[in-house]
Amino acid sequence: MSNLETISLNRCFGGVQGIYSHDSSAIGLPMRFAVYSPPAAEHGKVPVLIYLSGLTCTEENFTIKAGAQRLAAEYGFLVVAPDTSPRDSGIEGEDDDWAFGTGAGFYLDATVEPWSRHYRMESYITGELPGVIEGAFAADMSRVGIFGHSMGGHGALSLALKNPGMFASVSAFAPMNSLMGCEPGVNALTGYLGEDHEAWRRYDVVDLIEGGHRCPLILVDQGTVDEFLPNLLPEKLQATCDAAGQPLTLNIREGYDHSYWFVQSFMAEHFAHHAEALCA
């Protein structure tokens, strides 16, 4: 694409880890994302995994800390890791709160000014980014999985539930399962969407499942000593999936916290989960 800028390229496990920037029409600002192209991409189109990071993260956190490149090379996955929000939008106060604004886009489309001008991460992830990836990389967009961590886990689950057929596989590490059920989620929903609680429901994983939305088998890993556990509500996700018949595998990992040490410990299981759907 004419406006795609390459920030960096590094050889890794026989493939290439790149960081890129482009002018986003959905966001109205430049956006950065990381792509790992496996060795198999030199010979044809390969399945795609989209990873959504958590609060305060950029496209680099997963890329540097998750240890995913070796697995991506083995399975032949193109792994895409976008940034978590617009940057330098000029909106007053966007850098004031670590859980709102910069680094905290929550993978939704804001409807309240001034956030609605640029904070349109849902449209970016589901509408614009796939086209960018398909146009610039050896991506088989008929085989796409999505996963994420924390806020990004919320994003992965909610977007998979809301877009049936778009994602063939879905998983999450310590996801925020009910934005309406925790203080950071309520603060974000209020700030981005105002007091329209019906709009809130469209971004709450538990509420989406209760409302009849379905997606492929969900894999979730959750640590028992996660410092954010009171905000994540995995037991509520389990109960809701059980009642609704939404397939879920919830692994409770004794002694693990919320960090990327936890994420990388179980990354192989998540790649295997996605491979069952994307490599069949």
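Not measured: the values here are computed from a predicted model. (Residues numbered from 1 in each chain as written. Predicted model: local features only at pLDDT ≥ 70, side-chain atom pairs only at ≥ 80, totals over all residues. Heavy atoms only, no water.)

### Observations concerning the pairing of strand β7 (residues 169-173)
So, step 1. For β7, the tally of buried residues reaches 5 of 5 residues, placing the bulk of the element in the interior.
So, step 2. What you see with β7 is no split at all: S169, S171 and F173 on one side and V170 and A172 on the other are buried throughout.
So, step 3. Running through helix α4 (residues 151-162), the crossover from strand β6 (residues 139-149) to the neighbouring parallel element β7 is right-handed.
So, step 4. Across 4 bridges, the pairing between β7 and strand β8 (residues 218-223) is parallel. (Buried < 20%, exposed > 50% of the residue type's maximum accessible area, 1.4 Å probe, protein only. Helix = DSSP H or I, 4+ residues; strand = E, 2+ residues; numbered from the N terminus. Right-handed = clockwise from strand over helix to strand, strands pointing away. Pairing = 2+ DSSP bridges.)

### Details of the pattern of salt bridges
Side chains that differ in charge, positive against negative, can pair when their charged atoms come close.
So, step 1. The full count for this structure, using the stated rule, is 11 salt bridges.
So, step 2. Between R32 and E59 there is a salt bridge whose closest N-O contact spans 3.0 Å. Here the residue R32 occupies a position in strand β3 (residues 30-37), and E59 occupies one in helix α1 (residues 59-65), the gap between them amounting to 27 residues.
So, step 3. Relative accessible area serves as the criterion here: at 30%, R32 is assigned to the partly exposed category.
So, step 4. A relative accessible area of 3% places E59 in the buried class.
So, step 5. Note that R120 is salt-bridged to D109, the shortest N-O span being 3.7 Å. In this pair, R120 sits in the loop between β5 (78-82) and α3 (121-136) while D109 sits in the loop between β5 and α3, placing the two residues 11 residues apart along the sequence. (Salt bridge = Lys/Arg side-chain N within 4 Å of Asp/Glu carboxyl O.)

By themselves, these are just geometric observations and shouldn't be taken as functional.
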